[in-house]
Amino acid sequence: MTYMRRLFVVIAVLAGFVSVGCNASGRVVKPGVEVLAERDFAGLKGKRVGLVTNPSGVDRYLNSTVDILYNAPGVELVALYGPEHGVRGDMYAGDKVADTRDAATGLPVHSLYGSTRKPTPEMLEGIDVMVYDIQDVGARSYTFISTLGLVMEACAEKGIEVMVLDRPNPLGGNKIEGCYVEQPFNSFVSQYRIPYIYGLTVGELAWMINEEGLNRGQLGNQEPVKCKLTVIPMDGWRRDMLYEDTGLPWVLPSPNIPFKDTPVYYSASGICGELYGFMDIGIGYTLPFQVFGATWLDPEKLKARLESYDLPGISFRTIWYKPIAGSRKGELVKGLQFFFTDYEKARVTETQFYVMQAVAELYPEQKAFEVISGYGLFDKVCGTDYVRKEFSKRYKVADIVEYWRKDEAGFRKLSQKYHIY
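Peer 1: So what's going on with the overall build of the chain? Which residues, and what values?
Peer 2: The helix and strand tally for the chain stands at twelve helices and ten strands. Residue pairs at least 24 apart in sequence account for 74% of intrachain contacts in the chain once pairs closer than 6 positions are excluded. When the accessible surface of the chain is totalled, it reaches about 16,400 Å², and 50% of it is carbon and sulfur.

Rendered as structure tokens:
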């Protein structure tokens, strides 16, 4: 490891839920919060500490990072900061998070998903080090990494050090898909000029944000602001690992990401899911993001059409289900459940575009952009309006695939500078 990497890397972390297991090699990846504890909380002792976290911030035994730091000898944890869903996970997707106090510790909890998404100077008063420990999902549109960047910016402005406890990327460290975000489509669901699947751990991404000035021009910022950053790396993680390979338990980082493989399916259907009124993708059912369905379609026909495309690494099965929540609650939805049979070969994010193409071919009256009331969030999560404008002309993936892939090779080369593992 180079000197520069040693400068930014210090220890290792991860997260979980269910029972503790092992990967195929019999090892459990060691999360940063555990390595931090093994190093006797070096860098935090004698300092007033703030913590940005949620329920996914745990060690392998499901001890919360809140409680670990609160009880750590010589560490003074003085404030908590809640992203979307809150510190203890008691807020649903999109719900505003209020300032409050943590019932277990009595510490003040400042909301970063309410009236402000960037910590105010008042919120940071008296903080010496800000610790960030949240399980990432590996997709650009998930808001936790946007929170990370705004925390880094606010701390830089106050001269406060940021310590990121690293955790695995559930999509692995090799998969990169999607075009860069283009202005004016920067938003809280597409804050950085990175591909949709970026193949970095949260610690590596933090390092990249800091060194590449990725906050420049984002959300009104004109100049990048660099913070003093320490990344505590994981022990035992490899770039070819999916979450199931880590041997760590999975704690859902938000309500609709309940399983360790849900982040993969989120990346395959979540963009399409922003077209409200088009397809059901399982939110409100037991398979969030792993189905495409509607009350009006013929699952067998859709399956046959998608299989005719000979898409690598993916298989489909027909499914009928009734959501227990949401706009289609109690209705019989007919569709497909999909599986990635060869993750390395699969073009994960392009799955949803092929579904949109197949529906347009089979049901011309149900074309995606002609049956919805708005598409602003679709453009934001795509990071561009090019996909919508070009695709809606003929509903052919061939018309957008070159554009969707155009930045992947360049980012792969750039991001290698920030690989810790």
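On we go.
Peer 1: Tell me about the sheet that holds strand S10 (residues 333–340), and name the residues and values.
Peer 2: Strand order in this open sheet of three strands is S8-S10-S9, and the pairing throughout is antiparallel. Of all the strands in the sheet, the pair left with one neighbour each is strand S8 (291–294) and strand S9 (314–321). The sheet shows a mean angle of 20 degrees between the axes of neighbouring strands, direction not considered. With four bridges joining them, S8 and S10 adopt antiparallel strand pairing. Paired with Ala-294 across the strands is Lys-334, a residue of S10. Docked against the sheet, helix H6 (residues 262–273) engages S8 and S10, running at close to 140 degrees with respect to S10. Contacts between helix H7 (residues 299–308) and the sheet are confined to S9 and S10, with S9 contributing the most and set at about 170 degrees to the helix.

Peer 1: I'd like a rundown of the environment of Leu-248, residues and numbers included.
Peer 2: Inspection of the secondary structure assignment puts Leu-248 in the loop between strand S7 (229–232) and H6. Residue Leu-248 is classed as buried on the basis of its relative accessible area, which comes to 2%. In sequence terms Leu-248 and Val-29 are 219 residues apart; their C-alpha atoms lie 6.7 Å from each other.

Peer 1: Any chance you could break down the pattern of salt bridges for me, citing the residues and the numbers?
Peer 2: Applying the stated criterion to the full structure yields 27 salt bridges. Two residues, Asp-240 and Arg-238, come together in a salt bridge whose shortest N-O distance is 3.1 Å. Classification of Asp-240 by relative accessible area gives partly exposed; the value is 45%. For the salt bridge of Arg-305 with Glu-361, the shortest nitrogen-to-oxygen distance reads 3.0 Å. A residue pair is termed long-range when its members are at least 10 positions apart, and Arg-305 in helix H7 and Glu-361 in helix H8 (residues 351–362) qualify at 56 residues. We classify Glu-361 as partly exposed; its relative accessible area is 27%. One network of salt bridges, with partners in common, ties together Arg-347, Glu-350, Arg-405 and Glu-408.

Peer 1: Help me get a handle on the sheet that holds strand S6 (residues 161–165), residues and values and all.
Peer 2: As summarised here, the arrangement of the seven strands in space is S3-S4-S2-S1-S5-S6-S7, forming an open sheet in which the pairing is mixed. The two strands at the open ends of the sheet, each matched to only one other strand, are strand S3 (100–101) and S7. Across two bridges, the pairing between S3 and strand S4 (residues 108–111) is antiparallel. Along S4, the bridge assignment pairs Thr-100 with Val-109. Sitting on the sheet, helix H4 (residues 144–158) is in contact with strand S1 (48–53), strand S5 (129–133), S6 and S7, with an inclination near 170 degrees to S5.

Quick notes on the rules
Residues numbered from 1 in each chain as written. Predicted model: local features only at pLDDT ≥ 70, side-chain atom pairs only at ≥ 80, totals over all residues. Heavy atoms only, no water. Helix = DSSP H or I, 4+ residues; strand = E, 2+ residues; numbered from the N terminus. Contact = heavy atoms within 4.5 Å. Areas by Shrake-Rupley, 256 points an atom, 1.4 Å probe, with all protein chains shown as cover. Pairing = 2+ DSSP bridges. Axes fitted to C-alpha atoms, helices over the stretch in contact; angles between N-to-C directions. Buried < 20%, exposed > 50% of the residue type's maximum accessible area, 1.4 Å probe, protein only. Salt bridge = Lys/Arg side-chain N within 4 Å of Asp/Glu carboxyl O.

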